[in-house]
Amino acid sequence: MASTRPRLLLRGLSIGGIGPLDAAIAPGECLALSGPSGAGKTRLLRAIADLDPHGGECRLDDRPAGVFAAPAWRRAVAYLPAEPAWWADTPRDHLRTADAPAGHDRLAALDLETTMLDRPLTQLSSGQRQRLALLRLLDGQPQVLLLDEPTANLDADNIARVEALVADYCAERDAACVWVSHDPGQRRRVAHRQLALDGRGRVTACS
Amino acid sequence: MQLISLSFADLALAAIGVIALAVTTAMLRLGVARTLVVAAIRTAAQLCLVGLILEAVFAERAFVWIALIALTMLLLAGREAAARQTRRFTGGYGFAAGTISMFLSAFVTTVLTLVVVIRVEPWYTPQYAIPLLGMLLGNTMTGIALALDRLTQNAWREAAVIEARLALGATAGQAVADIRREAMRAGMIPMINAMAAAGIISLPGMMTGQILAGSPPWEAVKYQILIMFLIAAGTGFGTLSAVTLGARRLFDDRHRLRLERLRRARP
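Residues numbered from 1 in each chain as written. Chains lettered and ligands numbered in written order. Predicted model: local features only at pLDDT ≥ 70, side-chain atom pairs only at ≥ 80, totals over all residues. Heavy atoms only, no water.

- The name recorded for chain B in an unreviewed UniProt entry is ABC transporter permease, from Salinisphaera orenii MK-B5.
- Note on chain B: under the UniProt heading Subcellular location (unreviewed entry), the record states "Membrane".
- For chain B, the Sequence similarities (unreviewed entry) comment in UniProt is given as "Belongs to the UPF0014 family." (UniProt positions renumbered as here; feature names shortened; annotations may be inferred.)

- Chain A goes by ATP-binding protein in an unreviewed UniProt entry, where it is assigned to Salinisphaera orenii MK-B5.

Here it is, written out as C-alpha coordinates:
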(Lines give C-alpha, C1' and ligand atoms only; values in the text may rest on other atoms or scores of the structure.)
Protein backbone atom coordinates (compact mmCIF):
# COMPACT_ATOMS: atom_id res chain seq x y z
CA MET A 1 0.00 0.00 0.00
CA ALA A 2 1.50 3.29 -1.13
CA SER A 3 0.00 5.28 1.74
CA THR A 4 1.90 3.32 4.40
CA ARG A 5 5.26 3.74 2.72
CA PRO A 6 7.26 6.27 4.77
CA ARG A 7 8.12 9.57 3.14
CA LEU A 8 11.36 9.73 5.11
CA LEU A 9 13.12 6.66 6.44
CA LEU A 10 16.20 6.88 8.70
CA ARG A 11 18.15 3.73 9.29
CA GLY A 12 21.07 3.69 11.75
CA LEU A 13 21.70 7.40 11.21
CA SER A 14 24.74 8.48 13.22
CA ILE A 15 27.14 11.41 13.25
CA GLY A 16 30.09 11.94 15.55
CA GLY A 17 28.89 9.65 18.37
CA ILE A 18 25.27 10.82 18.10
CA GLY A 19 22.66 8.21 17.31
CA PRO A 20 22.15 5.66 15.88
CA LEU A 21 18.68 6.85 15.02
CA ASP A 22 16.00 4.80 13.33
CA ALA A 23 12.76 6.44 12.31
CA ALA A 24 10.07 6.22 9.68
CA ILE A 25 7.97 9.30 9.04
CA ALA A 26 4.82 8.93 6.99
CA PRO A 27 3.56 11.46 4.44
CA GLY A 28 1.91 14.34 6.29
CA GLU A 29 3.40 13.24 9.60
CA CYS A 30 5.45 15.36 12.00
CA LEU A 31 8.07 13.97 14.37
CA ALA A 32 9.25 16.13 17.27
CA LEU A 33 12.84 15.86 18.39
CA SER A 34 13.96 17.06 21.82
CA GLY A 35 16.96 16.76 24.10
CA PRO A 36 19.27 18.86 26.25
CA SER A 37 21.45 21.55 24.71
CA GLY A 38 24.40 19.98 22.93
CA ALA A 39 22.77 16.57 22.60
CA GLY A 40 23.18 16.73 18.82
CA LYS A 41 19.71 17.56 17.53
CA THR A 42 21.07 20.09 15.03
CA ARG A 43 23.79 17.70 13.88
CA LEU A 44 21.18 15.02 13.22
CA LEU A 45 19.12 17.42 11.11
CA ARG A 46 22.27 18.42 9.20
CA ALA A 47 23.07 14.73 8.64
CA ILE A 48 19.59 14.08 7.25
CA ALA A 49 20.06 17.03 4.88
CA ASP A 50 23.44 15.49 3.95
CA LEU A 51 25.28 18.68 4.92
CA ASP A 52 27.87 16.71 6.94
CA PRO A 53 29.46 13.29 6.39
CA HIS A 54 27.51 10.73 8.44
CA GLY A 55 26.84 7.04 8.95
CA GLY A 56 23.64 5.13 8.21
CA GLU A 57 21.07 5.67 5.55
CA CYS A 58 18.32 8.15 4.68
CA ARG A 59 15.60 7.33 2.18
CA LEU A 60 13.01 9.55 0.56
CA ASP A 61 10.02 7.58 -0.73
CA ASP A 62 12.20 4.47 -0.48
CA ARG A 63 14.96 5.95 -2.65
CA PRO A 64 18.33 6.27 -0.87
CA ALA A 65 19.97 9.70 -0.66
CA GLY A 66 22.87 8.43 -2.74
CA VAL A 67 20.79 8.11 -5.91
CA PHE A 68 19.91 11.81 -5.72
CA ALA A 69 22.41 14.47 -6.72
CA ALA A 70 23.19 16.22 -3.42
CA PRO A 71 21.49 19.53 -4.39
CA ALA A 72 18.36 17.67 -5.54
CA TRP A 73 18.26 15.80 -2.23
CA ARG A 74 18.47 19.07 -0.29
CA ARG A 75 15.75 20.68 -2.37
CA ALA A 76 13.50 17.77 -1.43
CA VAL A 77 14.73 17.40 2.16
CA ALA A 78 15.04 21.02 3.27
CA TYR A 79 16.81 22.10 6.45
CA LEU A 80 15.92 25.32 8.28
CA PRO A 81 18.77 26.31 10.63
CA ALA A 82 18.05 27.95 13.97
CA GLU A 83 19.86 31.07 12.80
CA PRO A 84 19.11 31.51 9.11
CA ALA A 85 21.75 33.30 7.01
CA TRP A 86 21.08 35.65 4.11
CA TRP A 87 23.21 36.27 1.04
CA ALA A 88 21.46 39.25 -0.59
CA ASP A 89 20.19 42.59 0.76
CA THR A 90 16.40 42.27 0.76
CA PRO A 91 13.90 39.46 1.39
CA ARG A 92 12.67 39.70 -2.21
CA ASP A 93 16.11 38.63 -3.49
CA HIS A 94 15.70 35.38 -1.57
CA LEU A 95 12.07 34.58 -2.40
CA ARG A 96 11.16 33.21 -5.79
CA THR A 97 7.40 33.24 -5.22
CA ALA A 98 7.21 36.66 -3.56
CA ASP A 99 4.82 37.97 -6.23
CA ALA A 100 2.84 34.78 -6.86
CA PRO A 101 -0.59 34.36 -5.21
CA ALA A 102 0.71 31.46 -3.10
CA GLY A 103 3.54 33.69 -1.91
CA HIS A 104 1.12 36.46 -0.93
CA ASP A 105 -1.06 33.99 0.96
CA ARG A 106 1.90 32.68 2.92
CA LEU A 107 3.15 36.18 3.74
CA ALA A 108 -0.31 37.02 5.06
CA ALA A 109 -0.50 33.74 6.99
CA LEU A 110 2.64 34.75 8.88
CA ASP A 111 1.49 38.35 9.37
CA LEU A 112 4.21 39.79 7.11
CA GLU A 113 3.65 42.86 4.90
CA THR A 114 4.55 42.83 1.21
CA THR A 115 6.22 46.23 1.72
CA MET A 116 8.70 44.43 3.94
CA LEU A 117 10.06 42.55 0.93
CA ASP A 118 12.14 45.48 -0.29
CA ARG A 119 13.52 46.62 3.04
CA PRO A 120 17.11 45.73 3.92
CA LEU A 121 17.19 42.53 5.95
CA THR A 122 19.35 44.25 8.56
CA GLN A 123 16.40 46.54 9.38
CA LEU A 124 14.02 43.66 10.09
CA SER A 125 13.64 42.08 13.51
CA SER A 126 15.01 38.62 14.21
CA GLY A 127 11.43 37.34 14.46
CA GLN A 128 10.57 38.76 11.03
CA ARG A 129 13.70 37.22 9.54
CA GLN A 130 12.90 33.86 11.11
CA ARG A 131 9.44 33.82 9.53
CA LEU A 132 10.88 34.93 6.17
CA ALA A 133 13.38 32.08 6.37
CA LEU A 134 10.50 29.62 6.69
CA LEU A 135 8.88 31.15 3.58
CA ARG A 136 12.19 30.86 1.75
CA LEU A 137 12.31 27.19 2.70
CA LEU A 138 8.75 26.47 1.54
CA ASP A 139 9.49 28.27 -1.73
CA GLY A 140 11.43 25.26 -2.95
CA GLN A 141 8.40 23.00 -2.32
CA PRO A 142 10.30 20.43 -0.25
CA GLN A 143 8.81 17.02 0.57
CA VAL A 144 10.50 16.86 3.96
CA LEU A 145 10.94 19.79 6.38
CA LEU A 146 13.79 19.72 8.91
CA LEU A 147 12.99 22.58 11.31
CA ASP A 148 15.50 23.59 13.98
CA GLU A 149 13.73 25.70 16.64
CA PRO A 150 11.74 27.59 13.99
CA THR A 151 9.84 29.69 16.56
CA ALA A 152 12.66 30.56 18.98
CA ASN A 153 12.40 34.32 18.43
CA LEU A 154 8.62 34.59 18.09
CA ASP A 155 5.77 35.76 20.32
CA ALA A 156 2.77 33.53 21.08
CA ASP A 157 0.65 34.80 18.16
CA ASN A 158 3.38 34.24 15.63
CA ILE A 159 4.25 30.84 17.09
CA ALA A 160 0.64 29.80 16.44
CA ARG A 161 0.84 31.19 12.87
CA VAL A 162 4.03 29.27 12.10
CA GLU A 163 2.64 26.05 13.55
CA ALA A 164 -0.53 26.41 11.49
CA LEU A 165 1.35 27.20 8.27
CA VAL A 166 3.65 24.18 8.65
CA ALA A 167 0.70 21.89 9.47
CA ASP A 168 -1.19 23.16 6.40
CA TYR A 169 1.82 22.74 4.17
CA CYS A 170 2.46 19.16 5.32
CA ALA A 171 -1.21 18.20 4.99
CA GLU A 172 -1.53 19.79 1.55
CA ARG A 173 1.58 18.24 0.06
CA ASP A 174 1.85 15.08 2.14
CA ALA A 175 5.20 16.38 3.35
CA ALA A 176 6.99 14.87 6.33
CA CYS A 177 8.44 17.06 9.08
CA VAL A 178 11.10 16.75 11.78
CA TRP A 179 10.61 19.54 14.31
CA VAL A 180 13.27 20.31 16.93
CA SER A 181 11.76 22.14 19.90
CA HIS A 182 12.58 22.84 23.53
CA ASP A 183 8.94 23.51 24.38
CA PRO A 184 6.98 20.40 25.49
CA GLY A 185 3.68 22.16 24.78
CA GLN A 186 4.75 22.90 21.22
CA ARG A 187 5.95 19.33 20.70
CA ARG A 188 2.53 18.04 21.76
CA ARG A 189 0.73 20.53 19.50
CA VAL A 190 2.70 19.99 16.29
CA ALA A 191 3.91 16.39 16.40
CA HIS A 192 2.21 13.07 15.89
CA ARG A 193 5.15 11.32 17.57
CA GLN A 194 8.04 12.39 19.75
CA LEU A 195 11.63 11.34 20.06
CA ALA A 196 14.09 12.42 22.75
CA LEU A 197 17.88 12.37 22.89
CA ASP A 198 19.85 12.16 26.13
CA GLY A 199 22.92 14.29 26.87
CA ARG A 200 25.16 11.83 25.05
CA GLY A 201 23.13 11.82 21.87
CA ARG A 202 21.32 8.50 22.36
CA VAL A 203 17.65 8.00 21.69
CA THR A 204 16.00 7.57 25.12
CA ALA A 205 12.29 7.99 24.63
CA CYS A 206 9.79 7.42 21.89
CA SER A 207 6.07 8.06 21.97
CA MET B 1 76.01 55.66 -23.81
CA GLN B 2 78.61 53.63 -21.96
CA LEU B 3 77.67 51.25 -19.13
CA ILE B 4 79.36 52.54 -15.97
CA SER B 5 80.35 49.44 -14.04
CA LEU B 6 79.82 49.63 -10.28
CA SER B 7 82.63 48.59 -7.94
CA PHE B 8 82.15 47.13 -4.47
CA ALA B 9 83.42 50.43 -3.08
CA ASP B 10 80.54 52.18 -4.85
CA LEU B 11 78.04 49.79 -3.22
CA ALA B 12 79.67 50.32 0.16
CA LEU B 13 79.03 54.08 -0.24
CA ALA B 14 75.36 53.32 -0.94
CA ALA B 15 75.24 51.15 2.19
CA ILE B 16 76.16 54.19 4.33
CA GLY B 17 72.59 55.41 3.90
CA VAL B 18 71.18 52.15 5.26
CA ILE B 19 73.60 52.14 8.19
CA ALA B 20 72.70 55.75 9.01
CA LEU B 21 69.02 54.81 8.96
CA ALA B 22 69.69 51.82 11.24
CA VAL B 23 71.52 54.02 13.75
CA THR B 24 68.76 56.63 13.67
CA THR B 25 65.95 54.11 14.16
CA ALA B 26 67.91 52.47 16.99
CA MET B 27 68.17 55.85 18.73
CA LEU B 28 64.43 56.42 18.20
CA ARG B 29 63.80 52.93 19.65
CA LEU B 30 61.54 51.97 16.73
CA GLY B 31 62.58 48.34 17.15
CA VAL B 32 63.30 47.85 13.45
CA ALA B 33 67.05 48.51 13.37
CA ARG B 34 67.99 44.86 13.74
CA THR B 35 65.53 43.61 11.11
CA LEU B 36 66.62 46.41 8.80
CA VAL B 37 70.28 45.41 9.00
CA VAL B 38 69.49 41.73 8.60
CA ALA B 39 67.28 42.46 5.59
CA ALA B 40 69.99 44.60 4.00
CA ILE B 41 72.58 41.87 4.50
CA ARG B 42 70.16 39.29 3.08
CA THR B 43 69.58 41.44 0.00
CA ALA B 44 73.28 41.65 -0.68
CA ALA B 45 73.99 37.98 0.03
CA GLN B 46 70.98 36.57 -1.86
CA LEU B 47 71.54 38.76 -4.92
CA CYS B 48 75.27 37.98 -5.00
CA LEU B 49 74.48 34.29 -4.85
CA VAL B 50 71.96 34.62 -7.68
CA GLY B 51 74.52 36.65 -9.62
CA LEU B 52 77.11 33.92 -9.29
CA ILE B 53 74.62 31.26 -10.36
CA LEU B 54 73.42 33.32 -13.32
CA GLU B 55 77.00 34.05 -14.44
CA ALA B 56 77.69 30.32 -14.42
CA VAL B 57 74.45 29.42 -16.21
CA PHE B 58 74.85 32.18 -18.81
CA ALA B 59 78.35 30.87 -19.57
CA GLU B 60 77.21 27.25 -19.70
CA ARG B 61 73.88 27.72 -21.60
CA ALA B 62 72.95 24.08 -20.95
CA PHE B 63 69.23 23.35 -21.04
CA VAL B 64 69.35 21.05 -17.98
CA TRP B 65 70.74 23.79 -15.73
CA ILE B 66 68.24 26.35 -16.91
CA ALA B 67 65.39 23.88 -16.42
CA LEU B 68 66.67 23.07 -12.93
CA ILE B 69 66.82 26.75 -11.97
CA ALA B 70 63.33 27.32 -13.37
CA LEU B 71 61.99 24.39 -11.36
CA THR B 72 63.63 25.64 -8.17
CA MET B 73 62.13 29.10 -8.72
CA LEU B 74 58.71 27.55 -9.26
CA LEU B 75 58.83 25.45 -6.08
CA LEU B 76 60.08 28.36 -3.97
CA ALA B 77 57.29 30.56 -5.34
CA GLY B 78 54.73 27.84 -4.58
CA ARG B 79 56.00 27.53 -1.03
CA GLU B 80 55.94 31.28 -0.53
CA ALA B 81 52.36 31.58 -1.86
CA ALA B 82 51.20 28.81 0.50
CA ALA B 83 53.04 30.35 3.47
CA ARG B 84 51.16 33.64 3.07
CA GLN B 85 47.77 32.06 3.86
CA THR B 86 46.10 32.75 7.19
CA ARG B 87 43.99 29.63 6.79
CA ARG B 88 45.79 26.97 4.82
CA PHE B 89 44.53 23.90 3.07
CA THR B 90 45.68 20.78 4.89
CA GLY B 91 47.78 18.13 3.20
CA GLY B 92 49.83 20.48 1.03
CA TYR B 93 46.82 21.17 -1.19
CA GLY B 94 47.38 24.94 -1.10
CA PHE B 95 50.98 24.47 -2.21
CA ALA B 96 49.87 22.13 -5.00
CA ALA B 97 47.08 24.43 -6.20
CA GLY B 98 49.40 27.45 -6.24
CA THR B 99 52.31 25.64 -7.85
CA ILE B 100 50.22 24.01 -10.57
CA SER B 101 48.56 27.34 -11.35
CA MET B 102 51.90 29.14 -11.51
CA PHE B 103 53.32 26.42 -13.71
CA LEU B 104 50.37 26.66 -16.11
CA SER B 105 50.32 30.45 -16.31
CA ALA B 106 53.90 31.65 -15.76
CA PHE B 107 55.69 28.86 -17.62
CA VAL B 108 53.33 28.81 -20.58
CA THR B 109 53.44 32.60 -20.89
CA THR B 110 57.24 32.66 -20.67
CA VAL B 111 57.79 29.92 -23.25
CA LEU B 112 55.23 31.40 -25.65
CA THR B 113 56.89 34.80 -25.36
CA LEU B 114 60.36 33.39 -25.99
CA VAL B 115 59.23 31.43 -29.03
CA VAL B 116 56.62 33.71 -30.60
CA VAL B 117 57.43 37.27 -29.52
CA ILE B 118 61.17 37.55 -28.84
CA ARG B 119 62.07 34.64 -31.16
CA VAL B 120 65.47 34.10 -29.55
CA GLU B 121 67.65 31.13 -30.63
CA PRO B 122 67.63 28.74 -28.80
CA TRP B 123 64.37 29.61 -27.08
CA TYR B 124 65.78 28.84 -23.60
CA THR B 125 68.67 31.35 -23.89
CA PRO B 126 69.12 32.17 -20.18
CA GLN B 127 69.55 35.97 -20.61
CA TYR B 128 65.92 36.09 -21.74
CA ALA B 129 64.33 33.03 -20.16
CA ILE B 130 65.39 33.49 -16.51
CA PRO B 131 64.53 37.19 -15.99
CA LEU B 132 61.21 36.78 -17.83
CA LEU B 133 60.24 33.77 -15.75
CA GLY B 134 61.34 35.51 -12.55
CA MET B 135 59.19 38.57 -13.24
CA LEU B 136 56.19 36.41 -14.10
CA LEU B 137 56.55 34.05 -11.16
CA GLY B 138 56.99 36.90 -8.68
CA ASN B 139 53.84 38.69 -9.79
CA THR B 140 51.76 35.56 -10.27
CA MET B 141 52.76 34.42 -6.81
CA THR B 142 51.53 37.66 -5.27
CA GLY B 143 48.23 37.42 -7.11
CA ILE B 144 47.65 33.79 -6.19
CA ALA B 145 48.61 34.33 -2.55
CA LEU B 146 46.19 37.27 -2.23
CA ALA B 147 43.38 35.46 -4.00
CA LEU B 148 43.67 32.19 -2.05
CA ASP B 149 43.88 34.10 1.21
CA ARG B 150 40.70 36.01 0.37
CA LEU B 151 38.96 32.80 -0.71
CA THR B 152 39.72 30.81 2.45
CA GLN B 153 39.14 33.71 4.85
CA ASN B 154 35.77 34.57 3.34
CA ALA B 155 34.68 30.95 3.11
CA TRP B 156 35.45 30.62 6.81
CA ARG B 157 33.71 33.85 7.78
CA GLU B 158 30.67 33.27 5.59
CA ALA B 159 30.22 29.56 6.21
CA ALA B 160 26.65 30.13 7.42
CA VAL B 161 25.72 31.89 4.17
CA ILE B 162 27.33 29.21 2.01
CA GLU B 163 25.53 26.48 3.94
CA ALA B 164 22.24 28.36 3.79
CA ARG B 165 22.46 28.20 0.01
CA LEU B 166 23.51 24.55 0.02
CA ALA B 167 20.63 23.66 2.35
CA LEU B 168 18.19 25.19 -0.14
CA GLY B 169 19.54 23.06 -2.97
CA ALA B 170 22.30 25.19 -4.47
CA THR B 171 25.30 23.41 -5.97
CA ALA B 172 28.73 23.99 -4.44
CA GLY B 173 29.57 26.22 -7.40
CA GLN B 174 26.47 28.39 -6.92
CA ALA B 175 26.95 28.59 -3.16
CA VAL B 176 30.55 29.80 -3.42
CA ALA B 177 30.16 31.92 -6.59
CA ASP B 178 30.21 35.33 -4.85
CA ILE B 179 33.21 34.46 -2.70
CA ARG B 180 35.07 32.98 -5.65
CA ARG B 181 34.45 36.07 -7.76
CA GLU B 182 35.68 38.36 -5.00
CA ALA B 183 38.83 36.26 -4.51
CA MET B 184 39.62 36.40 -8.24
CA ARG B 185 39.21 40.17 -8.22
CA ALA B 186 41.45 40.50 -5.16
CA GLY B 187 44.21 38.61 -6.96
CA MET B 188 44.02 40.69 -10.12
CA ILE B 189 43.53 44.22 -8.81
CA PRO B 190 47.20 44.91 -7.90
CA MET B 191 48.22 44.01 -11.44
CA ILE B 192 45.48 46.16 -12.99
CA ASN B 193 46.49 49.07 -10.76
CA ALA B 194 50.14 48.64 -11.70
CA MET B 195 49.28 48.83 -15.41
CA ALA B 196 47.15 51.92 -14.89
CA ALA B 197 49.88 53.68 -12.88
CA ALA B 198 52.83 52.65 -15.04
CA GLY B 199 54.88 55.61 -16.23
CA ILE B 200 52.71 58.23 -14.53
CA ILE B 201 52.95 57.44 -10.86
CA SER B 202 55.76 54.89 -10.99
CA LEU B 203 58.64 54.25 -13.31
CA PRO B 204 58.70 50.44 -13.44
CA GLY B 205 61.83 48.92 -11.92
CA MET B 206 62.78 46.86 -14.92
CA MET B 207 62.64 49.82 -17.28
CA THR B 208 64.60 51.97 -14.88
CA GLY B 209 67.23 49.26 -14.62
CA GLN B 210 67.54 48.94 -18.38
CA ILE B 211 67.92 52.68 -18.85
CA LEU B 212 70.55 52.84 -16.08
CA ALA B 213 72.37 49.96 -17.76
CA GLY B 214 72.58 51.96 -20.98
CA SER B 215 69.59 50.94 -23.11
CA PRO B 216 67.87 53.64 -25.17
CA PRO B 217 64.63 54.61 -23.30
CA TRP B 218 62.52 53.67 -26.29
CA GLU B 219 63.81 50.07 -26.24
CA ALA B 220 63.35 49.91 -22.47
CA VAL B 221 59.77 51.15 -22.84
CA LYS B 222 58.93 48.49 -25.42
CA TYR B 223 60.28 45.74 -23.18
CA GLN B 224 58.39 47.17 -20.23
CA ILE B 225 55.10 47.12 -22.15
CA LEU B 226 55.79 43.53 -23.17
CA ILE B 227 56.47 42.59 -19.54
CA MET B 228 53.35 44.36 -18.25
CA PHE B 229 51.15 42.51 -20.72
CA LEU B 230 52.77 39.19 -19.86
CA ILE B 231 52.38 39.84 -16.14
CA ALA B 232 48.73 40.76 -16.65
CA ALA B 233 47.98 37.56 -18.56
CA GLY B 234 50.13 35.36 -16.33
CA THR B 235 48.80 36.72 -13.04
CA GLY B 236 45.23 36.75 -14.30
CA PHE B 237 45.11 33.18 -15.54
CA GLY B 238 47.19 31.92 -12.60
CA THR B 239 44.73 33.53 -10.18
CA LEU B 240 41.69 32.13 -11.99
CA SER B 241 43.21 28.65 -11.93
CA ALA B 242 44.28 28.75 -8.26
CA VAL B 243 40.93 30.09 -7.05
CA THR B 244 39.05 27.48 -9.11
CA LEU B 245 41.16 24.67 -7.65
CA GLY B 246 40.89 26.10 -4.12
CA ALA B 247 37.12 26.64 -4.29
CA ARG B 248 36.65 23.06 -5.46
CA ARG B 249 38.66 21.78 -2.52
CA LEU B 250 36.33 23.55 -0.05
CA PHE B 251 33.58 21.07 -0.98
CA ASP B 252 33.31 17.33 -1.40
CA ASP B 253 31.48 15.34 -4.08
CA ARG B 254 28.21 15.60 -2.09
CA HIS B 255 28.44 19.42 -2.27
CA ARG B 256 29.20 19.72 1.45
CA LEU B 257 31.29 22.60 2.78
CA ARG B 258 34.39 20.96 4.32
CA LEU B 259 36.04 23.67 6.41
CA GLU B 260 38.04 21.08 8.33
CA ARG B 261 40.24 21.01 5.24
CA LEU B 262 41.52 24.41 6.36
CA ARG B 263 43.68 25.00 9.37
CA ARG B 264 44.73 28.24 10.91
CA ALA B 265 48.40 29.06 10.45
CA ARG B 266 50.37 29.88 13.59
CA PRO B 267 50.63 33.67 13.75
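A short note on the overall build of chain A
Consideration 1: Across its full length, chain A carries seven helices and ten strands.
Consideration 2: A compact globule built from 207 residues would reach a C-alpha radius of gyration of about 17 Å, and chain A, at 17 Å, matches this within 12%.
Consideration 3: Projected onto the principal axes, the alpha-carbon positions of chain A cover approximately 45 × 35 × 30 Å.
Consideration 4: Per-residue burial over chain A gives 53% buried out of 207 residues.
Consideration 5: Of the contacts formed within chain A by residues at least 6 apart in sequence, a portion of 69% connects residues at least 24 apart.
Consideration 6: In the structure as shown, chain A presents an accessible area of about 9100 Å², 48% of it carried by carbon and sulfur atoms.
Consideration 7: Each charge class in chain A was averaged separately, 25 positive and 26 negative side chains, and the resulting centres sit 5 Å apart. (Helix = DSSP H or I, 4+ residues; strand = E, 2+ residues; numbered from the N terminus. Rg over C-alpha atoms; globule rule 2.2 N^0.38 Å. Buried < 20%, exposed > 50% of the residue type's maximum accessible area, 1.4 Å probe, protein only. Contact = heavy atoms within 4.5 Å. Areas by Shrake-Rupley, 256 points an atom, 1.4 Å probe, with all protein chains shown as cover. Lys, Arg positive; Asp, Glu negative; His and termini not counted. Charge placed at Lys NZ, Arg CZ, Asp CG, Glu CD.)

Examining the domain arrangement of chain B
Residues and elements named next belong to chain B.
Consideration 1: The domain boundaries assigned to chain B delineate domain 1 (1-60) and domain 2 (61-264).
Consideration 2: Taking the mean C-alpha position of each, domain 1 and domain 2 sit 28 Å from one another.
Consideration 3: Along the contact surface separating domain 1 from domain 2 lie two residue pairs in polar contact (both at pLDDT 80 or more).
Consideration 4: Of the residues in the side of domain 1 that touches domain 2, the class split is seven nonpolar, no polar and one charged. (Domains from an automatic or database assignment. Polar contact = N/O pair within 3.5 Å; in protein donor to acceptor, adjacent residues only side chain to side chain. Nonpolar A, V, L, I, M, F, W, Y, C, P; charged D, E, K, R; others polar.)

Topic: the environment of Gly92(B)
Consideration 1: Mapped onto the fold, Gly92(B) is located in the loop between β1 (87-89) and α4 (93-118).
Consideration 2: Note on Gly92(B): relative accessible area 41%, which makes it partly exposed.

A word on the interface of chain B and chain A
Consideration 1: Each partner contributes residues to the interface: chain B has 15 residues there, and chain A has 22 residues.
Consideration 2: Per-residue buried area on chain B facing chain A is highest for Leu168(B), Arg254(B) and Arg256(B); these three make up 41% of the total on that side.
Consideration 3: On the surface where chain B and chain A come into contact, there are three salt bridges.
Consideration 4: Across the pair Arg256(B) and Asp50(A) runs a salt bridge whose closest N-O atoms are separated by 2.6 Å.
Consideration 5: At the junction of chain B and chain A, the tally comes to eight residue pairs in polar contact (both at pLDDT 80 or more).
Consideration 6: Of the residues contributing to the side of chain B that touches chain A, the split by class is seven nonpolar, three polar and five charged. (Buried area = accessible area lost by both parts, 1.4 Å probe. Salt bridge = Lys/Arg side-chain N within 4 Å of Asp/Glu carboxyl O.)

Re the UniProt feature "transmembrane region" (unreviewed entry) in chain B
All names here are of chain B.
Consideration 1: Per the UniProt record, "transmembrane region" (unreviewed entry) is annotated on residues 6-28, 35-56, 62-81, 93-116, 128-148, 191-213 and 225-247.
Consideration 2: From the first C-alpha to the last, residues 6-28 spans 33 Å; its make-up is 87% helix and 0% strand.
Consideration 3: In residues 128-148, helix accounts for 100% and strand for 0%; the two terminal C-alpha atoms are 30 Å from one another.

Considerations on the layout of surface pockets
A water-sized probe, rolled over the atoms, reveals where empty space remains.
Residue and element names in this part refer to chain B.
Consideration 1: Estimated volume of the largest pocket: approximately 1100 Å³.
Consideration 2: Every residue lining the largest pocket is counted, 30 residues in all, and those nearest its centre are Val50, Leu54, Met73, Ile130 and Gly134.
Consideration 3: Those elements giving two or more residues to the lining of the largest pocket turn out to be α2 (33-60), α3 (63-83), α5 (126-157), α8 (205-212) and α9 (217-249).
Consideration 4: With ten residues, the single largest contributor to the lining of the largest pocket is α5.
Consideration 5: When grouped by side-chain class, the residues that make up the lining of the largest pocket number 20 nonpolar, seven polar and three charged.
Consideration 6: Counting residues domain by domain, the lining of the largest pocket receives three or more from each of domain 1 (1-60) and domain 2 (61-264).
Consideration 7: Within this model, the second largest pocket holds a volume of roughly 500 Å³.
Consideration 8: Around the second largest pocket sit 14 residues that line it, and Leu11, Ala40, Thr43, Ala44 and Cys48 are the ones nearest its centre.
Consideration 9: When residues of the lining of the second largest pocket are traced back to their parent elements, those giving at least two are α1 (8-27) and α2.
Consideration 10: Of the residues belonging to the lining of the second largest pocket, the class tally is 13 nonpolar, one polar and no charged. (1 Å grid on protein atoms, 1.4 Å probe; cavity = no way out; pocket = protein on both sides within 12 Å on 5 of 7 lines; lining within 4 Å. Points joined across faces, edges and corners; volume = space filled by probe spheres on them.)

Some remarks on unusual backbone geometry
Glycine aside, residues mostly have negative phi angles, and peptide bonds mostly take the trans form.
Consideration 1: Note the cis peptide between Gly19(A) and Pro20(A), where omega equals 0°.
Consideration 2: Mapped onto the elements, Pro20(A) comes out in strand β2 (residues 18-25).
Consideration 3: In this chain, Glu121(B) is followed by Pro122(B) through a cis amide linkage whose omega measures -15°.
Consideration 4: With respect to the secondary-structure elements, Pro122(B) resides in the loop between α4 and α5.
Consideration 5: The phi torsion at Asp50(A) lies on the positive side, around 65°, for a residue other than glycine.
Consideration 6: By the element assignment, Asp50(A) lies in the loop between α1 (41-48) and β4 (55-60).

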